[in-house]
Every structure is written in structure tokens, then in C-alpha cells.
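Now for the letters of each chain:
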Amino acid sequence: MRDDEDAYDFDPADVARAQNALLRAALAARNDEKCAEAAATSLAPWAPTEPRRRAVAFDACALSSSDVLYDLGCGDGRVLVDAAKARGCRCVGLELDDALVRDARERVARENLEDLITVHKGDLTALTAEALARGVLDSPAPTCAFAWLTGAGLRRLSPTLRRAWEIGDFRIVTCVDALDACVDFERDGAFAEPDDSTPWEVRRDRAADFGVFVVPRRARAVSYTHLTLPTKRIV
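Source: prediction; values computed, not measured. (Residues numbered from 1 in each chain as written. Predicted model: local features only at pLDDT ≥ 70, side-chain atom pairs only at ≥ 80, totals over all residues. Heavy atoms only, no water.)

Participant: Whenever I open this one, the overall build of the protein confuses me. Can you help?
Facilitator: Within the protein, the secondary structure is distributed over eight helices and six strands. Taken from the N to the C terminus, the helices and strands of the protein come in the order α-α-α-β-α-β-α-β-α-β-α-β-α-β. Considering the protein as a whole, with its 235 residues, one finds that 50% of them fall into the buried category. Sequence separation of 24 or more characterises 74% of the internal contacts of the protein that already satisfy a separation of 6 or more. By element, 50% of the accessible surface of the protein is carried by carbon and sulfur atoms, the whole surface being about 11,200 Å². (Helix = DSSP H or I, 4+ residues; strand = E, 2+ residues; numbered from the N terminus. Buried < 20%, exposed > 50% of the residue type's maximum accessible area, 1.4 Å probe, protein only. Contact = heavy atoms within 4.5 Å. Areas by Shrake-Rupley, 256 points an atom, 1.4 Å probe, with all protein chains shown as cover.)

Participant: What is the right way to read the pattern of salt bridges from this model?
Facilitator: When charged atoms on two side chains of opposite charge get close, those side chains can pair. One pass over the full model with this rule turns up 15 salt bridges. Notably, a salt bridge pairs Asp-82 with Arg-54, separated by 2.8 Å at the nearest N-O pair. Highlighted residues: Asp-82 in helix α4 (residues 78–87) and Arg-54 in helix α3 (residues 51–61), separated in sequence by 28 residues. A residue is classified by how much of its surface remains accessible, and Asp-82, at 17% relative accessible area, is buried. A relative accessible area of 6% means that Arg-54 is categorised as buried. Salt-bridge contacts for Arg-107 lead to Asp-76; the nearest nitrogen and oxygen are separated by 3.1 Å. Taken together, the residues Arg-107 in helix α5 (residues 98–110) and Asp-76 in the loop between β1 (68–72) and α4 connect sequence positions 31 residues apart. On the basis of relative accessible area, Asp-76 is assigned to the buried category, the value being 6%. The network of salt bridges with common partners includes Asp-14, Arg-17, Glu-50 and Arg-52. (Salt bridge = Lys/Arg side-chain N within 4 Å of Asp/Glu carboxyl O.)

Participant: Mind showing me how you'd approach the pairing of strand β6 (residues 212–215) here?
Facilitator: On any regular strand, side chains alternate: one points to one face of the sheet, the next to the other face. In β6, alternate side chains face the same way, and those of Val-212 and Val-214 on one face and Phe-213 and Val-215 on the other are all buried. Pairing geometry for strand β5 (residues 171–175) and β6, over four bridges, is antiparallel. Counted as the bridge partner of Thr-174 is Phe-213 from β6. (Pairing = 2+ DSSP bridges.)

Participant: Before we go on, may I ask you to explain the confidence of the model for the protein in this structure?
Facilitator: Low-pLDDT portions of the prediction should not be read for the details of their coordinates. Mean pLDDT for the protein: 83, with 79% of residues reaching 70 or above. Note on residues 1–5: pLDDT under 50 across the span, and 14 contacts to partners over four residues away in sequence or across chains. Note on residues 222–235: pLDDT is under 50 here. Beyond four places in sequence and across chains, it has 41 contacts. (pLDDT = per-residue confidence, 0-100.)

Participant: Sorry if this is basic, but what is going on with the packing of α3 against α4 here?
Facilitator: Relative orientation and spacing of two packed helices are given, respectively, by the angle between their axes and the distance between those axes. Running from N to C, α3 and α4 point in directions that differ by 55°, and their axes come no closer than 11 Å. What the angle tells us is that α3 and α4 run oblique. Once α3 is placed against α4, the crossing between them reads as right-handed. On α4, the residues touching Arg-54, Phe-58 and Asp-59 of α3 are Arg-78, Val-79, Asp-82, Ala-83 and Arg-87. (Axes fitted to C-alpha atoms, helices over the stretch in contact; angles between N-to-C directions. Parallel < 35°, antiparallel > 145°, perpendicular 65-115°, else oblique. Left-handed = near helix turned anticlockwise from the far one by under 90°.)

Participant: Honestly, the sheet that holds strand β3 (residues 117–121) in this entry has me stumped. Any pointers?
Facilitator: Two modes of strand pairing occur in sheets, parallel and antiparallel, and in both the strands are linked by backbone hydrogen bonds. Taken together, six strands build an open sheet; the order of strands is β3-β2-β1-β4-β5-β6 and the sheet is mixed. Strand pairing shows two members of the sheet lacking a second neighbour, β3 and β6, which therefore form its edges. Across the sheet, the mean angle separating the axes of adjacent strands is 20° when strand polarity is ignored. Pairing of β1 with strand β2 (residues 90–95) involves five bridges; the strand directions are parallel. Counterpart to Leu-69 in the pairing with β2 is Cys-91.

Participant: How should the pairing of β1 be read in this particular structure?
Facilitator: When you tally the buried positions in β1, you get five out of five residues, the bulk of the element. Residues Val-68, Tyr-70 and Leu-72 of β1 are buried on one face, and the alternating residues Leu-69 and Asp-71, pointing to the opposite face, are buried as well. Crossover handedness for the path β1 to α4 to β2: right-handed. Bridge count for β1 against strand β4 (residues 144–147) is three bridges, and the pairing is parallel. Each residue of the ladder has a partner; that of Tyr-70, found in β4, is Ala-145. (Right-handed = clockwise from strand over helix to strand, strands pointing away.)

Participant: Looking at this model, I keep getting lost on the packing of aromatic side chains. Mind explaining?
Facilitator: Aromatic ring pairs are described here by two measures, namely the spacing of the ring centres and the angle between the planes. Using the criterion set out here, one finds four aromatic pairs in the structure. Between Tyr-8 and Phe-10, the ring centres sit 5.6 Å apart and the planes meet at 35°, which makes this aromatic pair tilted. A relative accessible area of 10% places Tyr-8 in the buried class. For the ring pair Phe-10 and Phe-210, a centre distance of 5.4 Å and an interplane angle of 75° mean the geometry is edge-to-face. Of this pair, Phe-10 sits in the segment before α1 (12–29) while Phe-210 sits in the loop between α8 (185–188) and β6, placing them 200 residues apart in sequence. For Phe-10, a relative accessible area of 12% gives the class buried. Look at Phe-210 and you get buried, because its relative accessible area is 1%. Put simply, the rings of Tyr-8, Phe-10 and Phe-210 pair up and form one aromatic cluster. Between Arg-162 and the ring centre of Trp-200, over which it is positioned, the NZ or CZ distance is 4.9 Å. (Phe/Tyr/Trp six-rings, centres within 6.5 Å; stacked < 30°, edge-to-face > 60°. Lys NZ or Arg CZ within 6 Å of the ring centre and 35° of its normal.)

Below is the structure:
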């Protein structure tokens, strides 16, 4: 196990700048008509997770070959592929955008990872807690759910995640925003505040400096011990 204080040799501010650049590029590549069509049900515009943040997230997920990782809004599937290659775990992606679903499946096929990775087309706003907790379609139930969404998107998904977390057996890793602090300014206005009616216990350690936050499994929420595994550098 590594000392969290010395775990990473890159600067959180530099990672944040690089992530913002990826987001700007992704938004610029989408035309206004396509953005308008997706806005009704999309919880967030998709952009690649910055590779160094991805490495931190994998450590926060504490993934092993016995895990089943769900990427909620998997985009072009690069998180799924990297997780399967680095940790040997089963991976399931959920994505709304047809083009991204196609890209993700093609990426999986190029890497010959069809035995480890399944990509489903699906709308997260229509996903039931029971389906997420027990397994989507013919996929196994998650042991870890990964979500990189805007604060508004995470807030809207939070009730479903909460119910699934309560009836399932998985930990949650979010990027940029934490479940106990996310707000939906778009829906609730400029003075929106986090919903504390069902408080989340969010672990904040060195990973939080990189915008990565962990909610442990419900059974371990009080005594959760964070595991850090050696990260294979992603370039």
C-alpha cells in the first residue's frame, strides 16, 4: 500500500487544466443541433476523462479481477477498456448517444475485450434502481459504479444511485463532483444547495485533490478502508 501523500507525481491543477481542455474540445466538436437533441435526456456532455485522473479513479475504485465496473455514461468506452486491461475486471458501459455506443463497441472489438466488456445503449434518466443494483439486462451486478457527470447530472441521478446503493452491494466513484455536495443550479436556481435529506458518506483522501470521490459499499460505509493498488500509467 502506498502513502497517499506521495502516491502521485503530477499536479492536481495541471490535471484540472488538461481536463478542461478535453471538455472544451469535445463541446466544440458537437454541433448545436446535436447538443439540443441530446439535452432533453443527457445528464452531461461527454468528454474523455483525463488520463491521469483516470489513473487516480482506478486507484479509488480499488479494482481487482473479481470486480464488475459499471461506467455510467461510458462515452467511447476508453475507461472500460483501460480498466479491463489494467485490472482484468468485468466492465459494463451504459451510454445514450448512438455514435458513442458504436465507437465504444468498436474500441472494445479492436482490443479483443468482448469477453470482459459489454456496452449497452441506455438512458440513465430511465434507469431503475433495481436494474442498476441487480445488473442491467444480462450483465452481472456492479461491485463498483463510476460516474463522471456535471453537478446537475449527478444531482439528478442521485436518487436512483441512492436506492440502488441501498439494495445492492457496490461502491461509487465520482469525478469532479461529490454526491454529498452536488447541486443542480439549472433546475433549482442560483441559490440551490446540496440535498441533505439522505446524506452520503463520501471518503475524501488524496484522490479528492484530483476531483475523485468515493462512497464505500453500504455495509462498509462506517469502517471503509481505502485500498490503493499499483497503477499502470496510462499514456
